[in-house]
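Examination of the molecular architecture
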Amino acid sequence: MMLEMIDIGIDRAVAFQMSGKITEEDMQRVLAEARGKISQHGSIVMLEQIDSFSGIELSALVEEFKYLIHVGLKDITKVAVLTDKRWVEKVVSIEDKIFRGIDIKSFAIEDKAQAIAFLNDN
């Protein structure tokens, strides 16, 4: 398992790439980074690069859910998901319909520059 925070050249972006299984600890790292950026910038954009994916621990989902209840989704304006998995693209399109306040799009792994341009475009 690996979750690595990455710099995509956007100050208000929380960006990370992951492979394997997402743990509660991984989710806490991402959410801590998000809280820090929100307090600095007011709102944030996110980039998630999913290299390979074998699931998410229940405790990580609980962590994310607690965060969303406390902080709310209002501070996240856009999310770009880089993936080569068709089923992840389907999940992203469902999330885009559920979370109406957030513009969520999926991109192919090789379209990282387009994903960053999408996040940069206000």
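A quick note: this is a predicted structure, and the numbers were derived from the prediction, not measured.

Below, the discussion takes up the overall build of the chain. Each helix and strand counted, the chain has four helices and five strands in total. Along the chain direction, N to C, the helices and strands of the chain fall in the order β-β-α-β-α-β-α-β-α. Residue burial in the chain is summarised as follows: out of 122 residues, 43% are buried. For the chain, restricting intrachain contacts to residue pairs at least 6 apart in sequence, the fraction spanning at least 24 positions comes to 76%. A total of about 6900 Å² of accessible surface is found on the chain, and carbon and sulfur atoms cover 53% of it.

Here we take up the pattern of salt bridges. Applying the stated criterion to the full structure yields two salt bridges. For the salt bridge of Asp26 with Arg29, the shortest nitrogen-to-oxygen distance reads 4.0 Å. Taken together, the positions of Asp26 and Arg29, both in helix H1 (residues 24–41) and three residues apart, correspond to about one turn of that helix. Assessed through its relative accessible area of 8%, Asp26 is described here as buried. The residue Arg86 makes a salt bridge to Glu89 at a minimum N-O spacing of 2.6 Å. Taken together, the positions of Arg86 and Glu89, both in helix H3 (residues 86–98) and three residues apart, correspond to about one turn of that helix.

Turning our eyes to something else, we now look at H1. Three- or four-residue spacings in an α-helix give side chains the same orientation, since the helix completes a turn every 3.6 residues. Taking 1.5 Å per residue, 18 residues should reach 26 Å; H1 reaches 25 Å between its end C-alpha atoms and fits that length. Once H1 finishes, Gly42 follows within two positions and takes phi at roughly 90°, a positive value.

Extensive coverage of strand S4 (residues 76–83) is indicated by the burial of seven of its eight residues. Taken together, the five bridges between S4 and strand S5 (residues 103–107) define a ladder with parallel strand orientation. Note that in S5 the partner of Leu82 across the bridge is Phe107.

Bringing the confidence of the model for the chain into the picture now. Per-residue confidence for the chain averages 83 on the pLDDT scale, and 81% of its residues sit at or above 70. No element of the chain has a lower mean pLDDT than helix H2 (residues 58–71), which averages 62, and none a higher one than helix H4 (residues 112–120), which averages 97.

Enumeration over the complete set of coordinates arrives at one aromatic pair. Look at Phe107 and Phe118: their rings are 5.7 Å apart centre to centre, the planes differ by 50°, and that puts the pair in the tilted class. Of this pair, Phe107 sits in strand S5 while Phe118 sits in helix H4, and the two are 11 residues apart along the sequence. Neither Phe107 nor Phe118 differs from the other in exposure class; each is buried. Directly above the aromatic system of Phe118 lies the positively charged group of Lys78, at a separation of 4.7 Å from the ring centroid.

Cut-off values and rules
- Residues numbered from 1 in each chain as written.
- Predicted model: local features only at pLDDT ≥ 70, side-chain atom pairs only at ≥ 80, totals over all residues.
- Heavy atoms only, no water.
- Helix = DSSP H or I, 4+ residues; strand = E, 2+ residues; numbered from the N terminus.
- Buried < 20%, exposed > 50% of the residue type's maximum accessible area, 1.4 Å probe, protein only.
- Contact = heavy atoms within 4.5 Å.
- Areas by Shrake-Rupley, 256 points an atom, 1.4 Å probe, with all protein chains shown as cover.
- Salt bridge = Lys/Arg side-chain N within 4 Å of Asp/Glu carboxyl O.
- Expected span 1.5 Å × (residues − 1).
- Pairing = 2+ DSSP bridges.
- pLDDT = per-residue confidence, 0-100.
- Phe/Tyr/Trp six-rings, centres within 6.5 Å; stacked < 30°, edge-to-face > 60°.
- Lys NZ or Arg CZ within 6 Å of the ring centre and 35° of its normal.

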